[in-house]
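# Residue-level structure breakdown
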There are 2 protein chains.
Amino acid sequence: MLRVRLKQSLADRGYRLTRQRAAILEVLAGTREHLTAEEVHRRVRFLCPELNLTTVYRNLNLMARQKIIGRVDFGDGRARFEARSDHHHHLFCLGCGRVIEIPACPVSIDEVFVRQHSFRITEHQFEAYGYCADCDRPGSEGAPV
Amino acid sequence: MLRVRLKQSLADRGYRLTRQRAAILEVLAGTREHLTAEEVHRRVRFLCPELNLTTVYRNLNLMARQKIIGRVDFGDGRARFEARSDHHHHLFCLGCGRVIEIPACPVSIDEVFVRQHSFRITEHQFEAYGYCADCDRPGSEGAPV
DNA sequence: ATTTAGATGCAAATGATTTGCATATATACC
DNA sequence: GGTATATATGCAAATCATTTGCATCTAAAT
Ligand SMILES: [Mn+2]
Ligand SMILES: [Mn+2]
Ligand SMILES: [Zn+2]
Ligand SMILES: [Zn+2]
């Protein structure tokens, strides 16, 4: 089960499985959405009311750094987190914030060019922006999610 | 000449060509570097010492919005600006901050997939991260640029 | 030269994220 | 199960890039 695996991965790396961490993972594992720290905090309060936003930040950072969860940046000034931690990309709707996962990595860089510059690529980020079906028809901007 | 064209494009769109704006464009047109607002401000002071950082921000934003200049986000929390405004991408060295421009857009999204979701893509962003030749050899992290 | 919408400078506000530090608590060990 | 201690948490305050309010200035149209 996803949430068991996520929690286990904390222990595997020598981190304590606190009530707070369990609750955060519970929230992320329970949705396919891409949540800001603030959103995680709001949802996690039902499971663990005393949980502080600072702790949410500290743990989302820790888990993302450990690649237990994923972090995405849609360029709107706040990071989003998701249960998936494998390499993938998204379509982001500028109208309502909807996120669609792209099945295959659409990037292929000219290897010759990179080798010419002796540059060793370790990672990349790609996100596409536009309007989903709901937001694209004129007059409807879609309710901001 | 590049700087003349950039300045002209301000006038073309009904914006005033102020001493401050001319100086900012002068700085950007004079380099191929990708500068933060702070860096633009530091360099522009030689041409226009009273120029305020707020004004630098306001004008870089204006010009980027008008696609007179380019804006890039390397995910380190501050925007970079450059004289180029055409669609292109970069390699960003995590060791020294060096930026290498990628000649061709390496992105091709599965059109069938996008059509299935009735998503209309208006733009995308892609940046690759890693280590340049100078920073890749062990022991040398390269001087931060 | 006059006029005035648009631009600038300065100070203060934002807003997401981080940090310092005293207190609390998982987990290892007996 | 009880105890020790390295870790984690809560709260308040700090960061830091960027934005905003407002009084003053100025480019450029007349
Ligand atoms: Mn995703
Ligand atoms: Mn560039
Ligand atoms: Zn990819
Ligand atoms: Zn591209």
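That block above? That's the structure.
Residues numbered from 1 in each chain as written. Chains lettered and ligands numbered in written order. Predicted model: local features only at pLDDT ≥ 70, side-chain atom pairs only at ≥ 80, totals over all residues. Heavy atoms only, no water.

Further remarks concern the coordination of the manganese ion (ligand 1). All names here are of chain A. Listed as protein donors to the manganese ion (ligand 1) are His-34 (NE2), Glu-82 (OE), Glu-82 (OE), His-88 (NE2), His-90 (NE2) and Glu-101 (OE); their distances from the metal cover 2.1 to 2.7 Å. In this structure, the manganese ion (ligand 1) is surrounded by six donor atoms whose angles at the metal cover 52 to 174°, and the resulting shape is irregular. The motif formed by the donor residues of the manganese ion (ligand 1), counted along the single chain, is H-x47-E-x5-H-x1-H-x10-E. With His-34 in the loop between helix H2 (19-29) and strand S1 (35-36) and His-90 in strand S4 (residues 89-93), the pair connects residues that are 56 residues apart, well separated along the chain. Residues His-34 and His-90 agree in their burial class; the two are buried. (Donors = N, O, S within 2.8 Å, 3.2 Å for Na, K, Ca; no water. Tetrahedral: all angles 85-135°; square planar, octahedral: opposite > 155°, others 65-115°. Helix = DSSP H or I, 4+ residues; strand = E, 2+ residues; numbered from the N terminus. Buried < 20%, exposed > 50% of the residue type's maximum accessible area, 1.4 Å probe, protein only.)

This part is about the interface of chain B and chain A. Each partner contributes to the interface: chain B provides 32 residues, whereas chain A provides 32 residues. For the chain B and chain A pair, buried surface summed over both sides reaches about 2900 Å², with 64% attributable to carbon and sulfur atoms. When the buried area of chain B at its contact with chain A is split by residue, Phe-119, Gln-125 and Tyr-129 of chain B rank highest and sum to 22% of it. Counting every contact that joins chain B to chain A gives two salt bridges. As a salt-bridge pair, Asp-136 of chain B and Arg-120 of chain A come within 2.8 Å of each other at their nearest N and O atoms. Between chain B and chain A we count 14 residue pairs in polar contact (both at pLDDT 80 or more) in total. When contributions to the side of chain B that touches chain A are tallied by element, the ones reaching two or more residues are strand S4 (89-93), strand S5 (99-102), strand S6 (120-131) and helix H6 (133-136) of chain B. Element by element, the count of residues in the side of chain B that touches chain A is highest for S6 of chain B, at 12 residues. Among the residues forming the side of chain B that touches chain A, the class breakdown is 19 nonpolar, seven polar and six charged. Where strand S6 (residues 120-131) of chain A lies against S6 of chain B, 11 bridges are found, and the strand directions are antiparallel. Following the sheet pairing, Ile-121 of chain A is matched in S6 of chain B by Gly-130 of chain B. (Contact = heavy atoms within 4.5 Å. Buried area = accessible area lost by both parts, 1.4 Å probe. Salt bridge = Lys/Arg side-chain N within 4 Å of Asp/Glu carboxyl O. Polar contact = N/O pair within 3.5 Å; in protein donor to acceptor, adjacent residues only side chain to side chain. Nonpolar A, V, L, I, M, F, W, Y, C, P; charged D, E, K, R; others polar. Pairing = 2+ DSSP bridges.)

With that settled, the discussion passes to the layout of surface pockets. In this structure, the largest pocket encloses a volume near 1100 Å³. Surrounding the largest pocket, 35 residues form its lining, Arg-71, Val-72, Glu-123, His-124 and Gln-125 of chain A being those nearest its centre. Of all elements in the fold, only helix H4 (53-65), strand S2 (70-73), strand S3 (79-82), S4 and S6 of chain A reach the threshold of two or more residues within the lining of the largest pocket. Element by element, the count of residues in the lining of the largest pocket is highest for S6 of chain A, at six residues. Classifying every residue of the lining of the largest pocket gives nine nonpolar, 13 polar and 13 charged. Of the voids in this model, the second largest pocket is the one considered here, and its volume is about 990 Å³. Residue lining of the second largest pocket: 29 residues in total, with Arg-71, Val-72, Glu-123, His-124 and Gln-125 of chain B positioned closest to the centre. (1 Å grid on protein atoms, 1.4 Å probe; cavity = no way out; pocket = protein on both sides within 12 Å on 5 of 7 lines; lining within 4 Å. Points joined across faces, edges and corners; volume = space filled by probe spheres on them.)

Keep in mind these numbers describe shape, not what the thing actually does.
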